[in-house]
Amino acid sequence: MSRPAPTPAGFLSAAVPGTRVVVRYRIEGGLTDALGLLVTCEAGACTVRTRQADVVIPLGQVVAAKEVPPAPERRRPRA
């Protein structure tokens, strides 16, 4: 018998800091995503370090979350 998949908030709470994740969450007017490294998940919110900034996301607004593979290496600019 298989165990049910954890809720998105449950996944984030159990994930190890440093895991690369994508989190879809509610904002005013719709949904948005945060892609980056999970910094922490405590006190009803998680922090994801994206390329631009650390994003603090209340767990109650999380719609989906999953682990993603490491980012591909950036290409060198053409000469």
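Residues numbered from 1 in each chain as written. Predicted model: local features only at pLDDT ≥ 70, side-chain atom pairs only at ≥ 80, totals over all residues. Heavy atoms only, no water.

Quick word on the sheet that holds strand E4 (residues 54–58)
- The strand order across the open sheet formed by five strands is E4-E3-E2-E1-E5, and the pairing between neighbours is antiparallel. Each having just a single partner strand, E4 and strand E5 (62–67) make up the two edges of the open sheet. Averaged over all adjacent pairs, the angle separating strand axes in this sheet is 40 degrees, with direction ignored. (Pairing = 2+ DSSP bridges. Helix = DSSP H or I, 4+ residues; strand = E, 2+ residues; numbered from the N terminus. Axes fitted to C-alpha atoms, helices over the stretch in contact; angles between N-to-C directions.)

What to know about the environment of Asp 33
- By the secondary structure assignment, Asp 33 is in strand E2 (residues 30–42).
- Residue Asp 33 is classed as partly exposed on the basis of its relative accessible area, which comes to 38%.
- C-alpha separation for the pair Asp 33 and Ala 64, spaced 31 residues apart in sequence, amounts to 9.2 Å.
- In this structure, Asp 33 is in contact with Val 22, Val 23, Arg 24 and Tyr 25, ignoring residues within four places of it in sequence.
- A polar atom in the side chain of Asp 33 sits 2.7 Å from the side chain of Arg 24. (Buried < 20%, exposed > 50% of the residue type's maximum accessible area, 1.4 Å probe, protein only. Contact = heavy atoms within 4.5 Å. Polar contact = N/O pair within 3.5 Å; in protein donor to acceptor, adjacent residues only side chain to side chain.)

As for the side chain of Thr 50
- Inspection of the secondary structure puts Thr 50 in the loop between strand E3 (45–49) and E4.
- On the basis of relative accessibility, which here comes to 17%, the residue Thr 50 falls in the buried class.
- Not counting residues within four places of it along the chain, the set of residues in contact with Thr 50 comprises Ala 34, Leu 35, Gly 36 and Val 55.

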